[in-house]
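# Observations on the three-dimensional arrangement
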Amino acid sequence: MNVNLMHGAGGEVMGELLKTLTAFKNNNAGGLGLESLDDGAVIPVNGTNIVLTTDSHVVRPIFFPGGDIGRISVCGTINDLAVMGARPIALTSAMIIEEGFEISGLARIVASMDQALEEAGAAIVTGDTKVVERGSLDGIIINTAGIGIADRPVRDSGLREGDQIIVSGTLGDHGISILAYREGFDLGDQLRSDVAPVWGMVDLALRAGEIHAMKDPTRGGFAAAINEMARKSGVSILLDEEQVPIRQSVRSAGELMGIDPLQVANEGKVVMGVPAADAEAVLAAIRSHPLGRDASIIGEVVTGSDVIMRTSIGGERFIEPPLGDPVPRVC
Amino acid sequence: MRRSGTIIIRGIVQGVGFRPFVYAAARSLGIHGSVTNLGSEVIIHAEGEKFDEFLRKIRIGPRLSGIDDFLVYPLEGVIADDFRILESGPGNLTGLIPPDVAICEHCIADISEKGGHYSRYWATSCVDCGPRYSIIRALPYDRIRTTMDLFPPCPICEGEYTNPLLRRHHAQTIACARCGPTLTLMDRDGNSLTDTDTIQRAAELLDAGKILAIRGIGGFHIACIESAAERLKSLLGRTEQPLAIMAEYDIAEEMTIIHPEDAEILRSPARPIVVLEKRDHSAHETISNLHTIGVMLPYTGLHHLLFSHLTSPLLVMTSANSPGDPMITEIDQAMSRLRGTVEYFLTHNREIMNRCDDSVVRDGLIIRLSRGMAPKRSRVDLGEKAILAVGPELNANATIYNDGICITSPHIGNIRNPPTLRYLEETVDRLRTLTGITPEIIACDAHPQFLSTRYAKNLAEELGADLIPVQHHRAHIAAATVEECIGIAIDGVGYGDDQTVWGGEIFAGKVPEYARVGHLEEVLMPGGDTATRHPERMLYGIIQRDEILDLLKARGWNDVALSALAHQVERRFNTTTTTSTGRVLDAASALLGLCRERTYDGEPAMRLEAAAAQGSPTDWEIIIHDSGGTATLLTTHLMEKALTEYLPYTSELPMVRRRGVADIAASFQHNLARGIAHLAVLAAEENGIMKAALSGGVCYNRMIRRTICSELSDHGITPIINTEYPLGDGCISYGQTIMAGRR
Ligand SMILES: [Fe+3]
Ligand SMILES: [Mg+2]
Ligand SMILES: [Zn+2]
Ligand SMILES: [Zn+2]
């Protein structure tokens, strides 16, 4: 079998590919390694928890409402560090550029990266550049890696029964807006990506209370993230539809395109599980940050193995991890 | 001439009063010996002068029985000098889990008899009637293994149970007011309304327009009188959905056209809901805004007693659950879930072990296979390996096979709802424990995202069974016949071999090899499932004409939504193709302004059918493209024709338009059916197969089914229609079993 695009979609199909790609015997440097498939690795060095993560970024289009590939490539790595509970310190930047790419575009991308670094209080300290033949990639690929320091590393698998599930803001903004923009839908101009570095907000949350588990709902959206957290933690999650924040413009755009905002990427959001006693304090801390104004407690952790949404009309439905492209199934 | 023998009878022999039947025959003919029940077989040791006559007599079996095998061997063992019913023993349990049976005439008479032992007792039953499956914990069927075990019979009931001369000899559910389960009437806060006659009080509340939850055989109903129907629907948030009614036969006959076949089904021991045509199509609109209405007759003592007190002629009766969710069986659950809807609760203390919704039948075809009809048992040889099939997703049920017998569970519902998926899992567990079967093969739908597929995968892993995904429409056809045939599978959605959405398929061949030789034209489904919920999107997916956009704009679509729809189709963004027949009917319904949003399963197509029932069809041109052995019916052409016919009416007065719409609706259905039939005829001639099996939910549409059948007959092709299993997705688990077993 050959790799196809479904293998990169972040769904269950990608999980199959990952089995091949993570078959390293040398996968742990002490602490948390590749085996935990978390947002980053934890390497204890002289009593300090160094967190390391890396991410390659391909975005079409390269510039979009609310951001560009540069901002995403910095925020992606900073956010992966942040949801491990780590203060981002330093990043690397490796660019692979297609022959013919405009230099002015690169300048814009670099400025945008710098802006994001500024917001997060981090720096790009080393890098690499390759130029490849026209046609061998679509414009530019940016890889960033980053290190951070975590006082108490937070995993995505630490949910416990009774935990409250908090999301730091509206869901689906990035995915829906970039789809609409890329596909040329004219759905009004309120649609914007949420791409932003979340460390400042996460830092406030970590100070306000205990956080059992945390994840950034990027590829595959909230649906993929929450299912992964539930599965890795061996718990079930009950969500309350009315509490799930989704911007009206995102909701309508999703309806018009037939795309579920819960199944598309976010680039400036955090999902976390917090013990009930700390939930209100953590929520208040998140809300005190500009990126967290729409934060909400959307559900709780119970025993079981599924993610279930209680709907506004009193029914229940499963939140399923996206499995490649949706195939119609309503009979 | 034989004088003795050991007789083994296999088939539907449990819960039907087989042993007392044999006992009575033996006594009357002076036969000595014994009868015992080993799960799915009855074993008789018999000796006597009139042995042959005895054989003749018992070969017929009691009323509810069905005999597969009747074997006589030389007598084994020693015979006593009388005739005895022996204790049931364990044995092969695949024979039958007996379904529930409506109260019989004798028991109704017992209830109305003044001063009798069963006078006005709500749960009166006998060897011929009463609950079975819904109260069974384990097999063989005997009181101690049912939820009646908590009600030890009083001396009088015990006397009747043991008296071979009485109708209740060995009736496992025997009970009376002194010893049996009792009724309670409560308000929504759980305060019980003590009254001399609970049922009379409940009837008074109903007559006063109150909404009651009533615990029945297999779960709770919500009931009210006709004038409260509108209020009930708005409380349920289901303002458009037709509800069923319960009424005595004469009332039903006043309201609807009941053909003799319908009457027979209405009064059958299964006592299902029968979908009947209203005499006046626009009457009883608050109950059903279609030209049809679902009607059932009272089927328990409780129902009969309620009607004896009720002044209102009918009760609206709907299962107390959201559509697709499992029926509510427990009073605590009913009280917490139905608080906002129901004012009073009429409940009883007989535990419902196995939930069972009402069955539904239309034109003799099963729409929902459930109470009284399921567990459904069929004999078919599928080899040595035990098979479990878990069905599709929306109208799921499960089938289990072993040793020549398939058993299909009652209707389960839409397993995308978490409680319904749990119910499927429970049902599979129950089937496995009741029958003692561990599946070696697990069959599921080919749709990779169906939750039943995921469940099947996990279970197969757990049990080390082989997983066999079965294409949806082939399962439809395999459920209809195992003979070589042309298969016509017309429904809403099924995952195709080419990973697109099928639903208007013509096959040729024999299980499990069905070649796809024809289908409806591939049309666009803008936004995927969104196009099912909003059939106007589907309409534009079929014909991308400015007239459609103008029509939608005139109906209130805003510019952003319209341009998004047009853009989506142009870019093919999140737009798959489908050959679904249901979606084409939905689109026609949308075109004619009959249904703009689907609020319940099948609504657009049902509204189209209701409109068409008022109109008369004309023949339109039918175009079939033949591309490399696969014939395609151009549905866009039919839709264009409908559009041309419809546009002039948009400016007409409502009355004129309604008549025009009725004719277009009728013509559209008629010509779609002709087109489908032509595809089948082409396939039949090409392949030299002169039988055609019809399946899929679209076949419930009377006009479409009849048009297809008559076109087939005109070409010398024999139509085969499945009357044993639903035509809709309720047949899929059975079809999957056949496909997997014959693989
Ligand atoms: Fe189907
Ligand atoms: Mg991450
Ligand atoms: Zn009876
Ligand atoms: Zn009694």
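As the structure is a computational prediction, the values presented were derived from the model and not from experiment.

## Regarding the side chain of Thr341(B)
All names here are of chain B. Secondary-structure assignment places Thr-341 in the loop between helix H10 (331-337) and strand E14 (344-348). By relative accessible area, which is 9% here, Thr-341 ends up buried. With sequence-adjacent residues up to four places away left out, Thr-341 is seen in contact with Ile-211, Ile-222, Leu-232, Leu-235 and Leu-236.

## Here's the deal with the domain arrangement of chain B
By domain assignment, chain B separates into domain 1 (4-85), domain 2 (183-361), domain 3 (375-481 + 729-742) and domain 4 (501-510 + 516-721). For domain 1 of chain B versus domain 3 of chain B, the separation of C-alpha centres amounts to 35 Å.

## A word on the nonpolar core
All names here are of chain B. Counting residues in hydrophobic clusters, the biggest one holds 107 residues, and the most contacted among them are Ile-488, Leu-591, Met-639, Phe-668 and Ile-708. Tallying contributions element by element places helix H21 (residues 654-687) first for this core, with 14 residues. Once you skip the residues sitting within four places of it in the chain, Met-639 turns out to touch Leu-539, Ile-542, Ile-543, Val-584, Ala-587, Ala-588, Leu-591 and Phe-668.

## Looking at the coordination of the magnesium ion (ligand 2)
Ligation of the magnesium ion (ligand 2) by protein atoms is provided by Asp39(A) (OD), Asp80(A) (OD) and Asp216(A) (OD), these donors lying 2.2 to 2.5 Å from the ion. Classification of Asp39(A) as buried rests on a relative accessible area of 10%.

## Looking at the sheet that holds strand E22 (residues 466-470) of chain B
To summarise the sheet geometry, strands pair through backbone hydrogen bonds and adopt either a parallel or an antiparallel arrangement. Residue and element names in this part refer to chain B. The six strands lie next to each other as E17-E20-E19-E18-E21-E22, forming an open sheet whose pairing is mixed. One side of each edge strand has no neighbouring strand; the edge strands of this open sheet are strand E17 (376-379) and E22. Shown here is a sheet whose adjacent strand axes are inclined to one another by a mean of 20 degrees, direction ignored. Strand direction decides the pairing type here: strand E21 (residues 441-445) and E22, joined by five bridges, are parallel. When the bridges of E22 are listed, Cys-444 appears paired with Pro-469.

## A few points about the UniProt feature "active site" (unreviewed entry) in chain B
All names here are of chain B. As recorded in UniProt, the sites labelled "active site" (unreviewed entry) are Arg-19 and Asn-37. A compact arrangement is adopted by the annotated residues: their sequence extent is 19 residues, whereas the largest C-alpha distance between any two is 7.4 Å. The residues contacting Arg-19, other than those within four sequence positions of it, are Val-35, Thr-36, Asn-37, Ile-85, Leu-86, Ser-88, Tyr-141, Asp-142, His-170 and Gln-172. Tracing the chain through its elements places Asn-37 in strand E2 (residues 32-37). For Asn-37, a relative accessible area of 3% translates into the label buried.

## Brief notes about the UniProt feature "domain: PurM-like N-terminal" (unreviewed entry) in chain A
Here the UniProt feature "domain: PurM-like N-terminal" (unreviewed entry) sits at residues 38-150 of chain A. Taken as a whole, residues 38-150 of chain A contains 28% helix and 47% strand, while its terminal C-alpha atoms sit 14 Å from one another.

## Points about the UniProt feature "domain: PurM-like C-terminal" (unreviewed entry) in chain A
The feature "domain: PurM-like C-terminal" (unreviewed entry), as annotated in UniProt, sits at residues 160-307 of chain A in this numbering. Note that residues 160-307 of chain A is 37% helix and 16% strand, and that its end C-alpha atoms are spaced 14 Å apart.

## So, the pairing of strand E28 (residues 624-627) of chain B
All names here are of chain B. Relative to strand E29 (residues 630-633), E28 is paired through four bridges, and the arrangement is antiparallel. Paired with Asp-626 across the bridge in E29 is Ala-631. Hairpin connection from E28 to E29: two residues lie between these consecutive antiparallel strands, with Gly-628 at a positive phi of about 60 degrees.

## Describing the interface of chain B and chain A
On the chain A side, the residues contacting the 41 residues of chain B number 27 residues. The largest share of the area that chain B buries against chain A comes from Pro418(B), Gln449(B) and Phe573(B), three residues that together contribute 23% of it. Inspection of the region where chain B meets chain A yields five salt bridges. In this structure, Glu393(B) and Arg329(A) form a salt bridge, with 2.9 Å as the shortest nitrogen-oxygen distance. At the junction of chain B and chain A, the tally comes to 15 residue pairs in polar contact (both at pLDDT 80 or more). For the side of chain B that touches chain A, the secondary structure elements donating two or more residues are helix H11 (418-435), helix H12 (451-463), strand E23 (485-495), helix H14 (530-533) and helix H17 (559-571) of chain B. Top contributing element to the side of chain B that touches chain A by residue count: H17(B), with seven residues.

## A short note on the environment of Gly593(B)
All names here are of chain B. Mapped onto the secondary structure, Gly-593 falls in the loop between helix H18 (581-591) and helix H19 (603-612). Judged by relative accessible area, which is 38%, Gly-593 ranks as partly exposed. Remark: the alpha-carbon pair of Gly-593 and Ser-695, spanning 102 residues in sequence, is separated by 28 Å.

## So, the packing of helix H20 (residues 635-646) of chain B against H21(B)
Residues and elements named next belong to chain B. Following both chains from N to C, one finds H20 and H21 inclined at 165 degrees, their axes separated by 10 Å at the closest point. It follows from the interaxial angle that H20 and H21 lie roughly antiparallel. Regarding H20 and H21, the two cross each other, and that crossing is right-handed. Contacts between H20 and H21 pair Thr-635, Leu-638, Met-639, Ala-642, Glu-645 and Tyr-646 from the former with Arg-657, Val-661, Ile-664, Phe-668, Asn-671 and Leu-672 from the latter. Here the residues of the contact of H20 with H21 are counted per class, giving eight nonpolar, two polar and two charged.

Definitions and cut-offs
For every chain, the first residue of its written sequence is number 1, and the numbers climb from 1 along that sequence. Each chain takes a letter, starting from A, and each ligand takes a number, starting from 1, following the order in which they are written. Selection of residues for local features in this predicted model requires a pLDDT of at least 70, selection of side-chain atom pairs for listing and counting requires 80 or more, and totals for whole chains, interfaces and linings are taken over all residues. Water and hydrogen atoms play no part in the side-chain values, which are based on all heavy atoms of the structure. Going along the chain from the N terminus, every DSSP run of H or I of four or more residues is numbered as a helix, and every run of E of two or more is numbered as a strand. Burial classes follow relative accessibility: with a 1.4 Å probe on protein chains only, a residue under 20% of its type's maximum area counts as buried, one over 50% as exposed, and anything between as partly exposed. Between two residues, a contact is recorded if the distance between any of their heavy atoms is within 4.5 Å. Just so you know, the domain bounds were taken from an automatic or database domain assignment. Among buried residues, the Ala, Val, Leu, Ile, Met, Phe, Trp, Tyr and Cys ones that are joined through side-chain atoms within 4.5 Å form a nonpolar core. Coordinating donors are taken to be N, O and S atoms lying within 2.8 Å of the metal, or within 3.2 Å when the metal is Na, K or Ca; because water is excluded from the atom set, some sites may appear incomplete. In this scheme, strands are said to pair when DSSP sees at least two bridges between them. Whenever a helix is involved, its axis is fitted only over the stretch in contact; in every case the axis is a line through C-alpha atoms, and angles between N-to-C directions fall within 0 to 180 degrees. UniProt positions are given in the numbering used here, feature names are shortened, and annotations may be inferred rather than shown by experiment. Here the quantity called buried area is the total loss of accessible area, with a 1.4 Å probe, experienced by two parts when brought into contact, counted for both. When a carboxyl oxygen of Asp or Glu lies within 4 Å of a side-chain nitrogen of Lys or Arg, that pair is called a salt bridge. N or O atoms within 3.5 Å of each other form a polar contact, as long as, within protein, one can give a hydrogen and the other can take it, and as long as residues adjacent in sequence are counted only when both atoms are side-chain atoms. The scheme is simple: roughly parallel for angles under 35 degrees, roughly antiparallel for over 145, roughly perpendicular for 65 to 115, oblique for anything else. Crossings are assigned a handedness: left-handed for a near helix turned anticlockwise from the far helix by less than a right angle, right-handed for a clockwise turn. Think of it as three bins: nonpolar holds Ala, Val, Leu, Ile, Met, Phe, Trp, Tyr, Cys and Pro, charged holds Asp, Glu, Lys and Arg, and polar takes everything else, Gly as well.

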